[in-house]
Amino acid sequence: MPMTLTRIVVNRGHRQARVDLANRPGMHKTLMRLLARPEGSTPRKNGGLLFRLEPGLDPVLLVQTADLPDLTGLPGGYGTTDTRDLTPMLTALTPGLPVRYRITAAPTAYRPTGAPPDPVTGRRPRGKITTLQGQDAQAWWQRRASTAGLQLTGPTETLDRPFPSPERPAPFYRLTQFDGTATITDTDRLATALREGIGKGKAYGAGLLTLAPA
């Protein structure tokens, strides 16, 4: 399956762009228009849409899709775009290869609520989803990276990435950016993680893992 990454330098002077920068669910809705063939009950997942807003003075969006994006879906003047095929990167993945990584993710866990077991099944409720921070977030990423076929090889830098939303607060509105180095241990698992993203909150700009040679 092909995979592409589009870099969008967002035009702050564009009205819709300013609205999207202040409303991550709205940004997701705009970026869904890039999907050439949105299909099924889960069009974001089926279209392979993942995105991340890069930190910095000039807003830059990285948008990953399973097919070539339909850039005519973006509002005129929204920003300048550049798209590249990720196939060469995917085919170059080999066990033992050192890489640098970045991911903005939504570290979460289910915490017990003390609710009694279900009287029929005897099972306890799964619990309340809770945002993880600090060392808990670091431990979360360590586990998820290992599952994704990466062995972390150095200290992980973290950056808190909260964002505004006009909707009611939700646990995954508080995102954390992880940067560091790793060694590839399992190329199949890593390819899956790259395609599908990692963790929750993918419609809010979380889960996109990017790699570069170390």
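Owing to the predicted nature of the structure, the values given are computational and were not obtained by experimental measurement.

S.K.: I tried to follow the environment of T4 on my own but got confused; where do I start?
M.R.: Note on placement: T4 falls in strand 1 (residues 4-10). Residue T4 is classed as buried on the basis of its relative accessible area of 4%. Counting along the chain gives 81 residues from T4 to D85, while the straight-line C-alpha distance between them is 4.6 Å. When residues no more than four places from it in sequence are discounted, the contact partners of T4 are V63, Q64, T65, D67, L68, P69, T83, R84, D85 and L86. Looking at T4, its side chain comes within polar contact range of the side chain of T65, at 2.9 Å. Only 3.2 Å separates the side chain of T4 from the backbone oxygen of D67, close enough to count as a polar contact.

S.K.: Just to check I follow, could you spell out the packing of aromatic side chains for this structure?
M.R.: The description of an aromatic ring pair rests on the distance of the ring centres and on the angle between the ring planes. Taken as a whole and assessed by the stated rule, the structure comprises three aromatic pairs. Summarising the aromatic geometry, the rings of W140 and F178 are spaced 6.4 Å apart at their centres and angled 25° between planes, so their arrangement reads as stacked. Within this pair, whereas W140 is found in helix 5 (residues 134-147), its partner F178 is found in strand 10 (residues 174-184), the two being separated by 38 residues in sequence. We note that W140, like F178, is buried. Consider the rings of W141 and F178, whose centres lie 5.7 Å apart with planes at 20°: the pair is stacked. One end of the pair, W141, is in helix 5; the other, F178, is in strand 10, with 37 residues separating them in the sequence. Owing to a relative accessible area of 0%, W141 belongs among the buried residues under this scheme. Members of the aromatic cluster, joined through ring pairs, are Y101, W140, W141 and F178.

S.K.: Help me out: how do you make sense of the confidence of the model for the protein chain in this one?
M.R.: The predicted coordinates of low-pLDDT regions are not to be read in fine detail. Summarising the model, the protein chain shows a mean pLDDT of 88, and 86% of its residues fall at 70 or more. Put simply, strand 7 (residues 128-131) is where the protein chain has its lowest mean pLDDT, 80, and strand 8 (residues 150-152) is where it has its highest, 98.

S.K.: Just checking my understanding: could you explain the nonpolar core for this structure?
M.R.: Soluble globular proteins tend to pack their nonpolar side chains together in the buried interior. Counting 30 residues, the largest nonpolar core has W141 and L209 as the members making the most contacts within it. Taken together, the elements giving at least two residues each to this core come down to strand 5 (98-105), helix 5, strand 8, strand 10, helix 6 (187-196) and strand 11 (209-213). If we skip the residues at most four places from it in the chain, W141 touches Y101, I103, L152, T156, F178, I198 and L209. In terms of nonpolar packing, the next biggest core, distinct from the first, is built from 16 residues, L21, F51, L61 and L74 among them.

S.K.: Could you clarify how one ought to interpret helix 5 in this entry?
M.R.: Because each turn of an α-helix spans 3.6 residues, side chains separated by three or four positions end up pointing in the same direction. Taking 1.5 Å per residue, 14 residues should reach 20 Å; helix 5 reaches 20 Å between its end C-alpha atoms and fits that length. Residues of helix 5 that are buried include every one of A137, W140, W141 and A145, and no others. Each buried residue of helix 5 lies within a common arc of 130° when the element is viewed along its axis, so the set occupies one face. Exposed residues on helix 5 whose side chains face more than 90 degrees from its buried face are Q135 and T147. In this fold, the buried residues of helix 5 make contact with strand 5, strand 6 (108-111), strand 8, strand 10 and strand 11. Positive phi appears at G149, one or two residues downstream of helix 5, with a value of about 90°.

S.K.: I'm lost on the pairing of strand 2 (residues 50-54) in this one. Help?
M.R.: Both faces of the sheet carry side chains from a regular strand, because those side chains alternate between them. Of all five residues that make up strand 2, five are buried, and the element is covered over most of its length. Of the two faces of strand 2, the one lined by L50, R52 and E54 and the one lined by F51 and L53 are each fully buried. Connecting strand 2 to the next strand, strand 3 (residues 60-65), in antiparallel fashion are five residues, including G56 with a positive phi near 140°.

S.K.: Explain a positive patch on the surface to me, please; I cannot follow it from the model alone.
M.R.: On the surface, a cluster of positive charge is contributed by R111, R143, R144 and K200. Mapped onto the fold, R143 is located in helix 5. Note on R143: relative accessible area 48%, which makes it partly exposed.

S.K.: Teacher, can you tell me more about the environment of L71 here?
M.R.: With respect to the helices and strands, the residue L71 is situated in the loop between strand 3 and strand 4 (79-85). A sequence separation of 38 residues divides L71 from R33, and the C-alpha atoms of the two residues are 8.3 Å apart. Non-local contacts of L71, meaning those with residues more than four positions away in its chain, are made with T6, L34, T81 and T83.

Criteria and cut-off values
- Residues numbered from 1 in each chain as written.
- Predicted model: local features only at pLDDT ≥ 70, side-chain atom pairs only at ≥ 80, totals over all residues.
- Heavy atoms only, no water.
- Helix = DSSP H or I, 4+ residues; strand = E, 2+ residues; numbered from the N terminus.
- Buried < 20%, exposed > 50% of the residue type's maximum accessible area, 1.4 Å probe, protein only.
- Contact = heavy atoms within 4.5 Å.
- Polar contact = N/O pair within 3.5 Å; in protein donor to acceptor, adjacent residues only side chain to side chain.
- Phe/Tyr/Trp six-rings, centres within 6.5 Å; stacked < 30°, edge-to-face > 60°.
- pLDDT = per-residue confidence, 0-100.
- Core = buried A, V, L, I, M, F, W, Y, C linked by side-chain atoms within 4.5 Å.
- Expected span 1.5 Å × (residues − 1).
- Arc of directions from axis to C-beta.
- Pairing = 2+ DSSP bridges.
- Patch = residues over 30% accessible without salt bridge, like charges linked within 9 Å, V, L, I, M, F, W, Y side chains within 5 Å.
- Areas by Shrake-Rupley, 256 points an atom, 1.4 Å probe, with all protein chains shown as cover.
- Salt bridge = Lys/Arg side-chain N within 4 Å of Asp/Glu carboxyl O.
- Lys, Arg positive; Asp, Glu negative; His and termini not counted.
- Charge placed at Lys NZ, Arg CZ, Asp CG, Glu CD.

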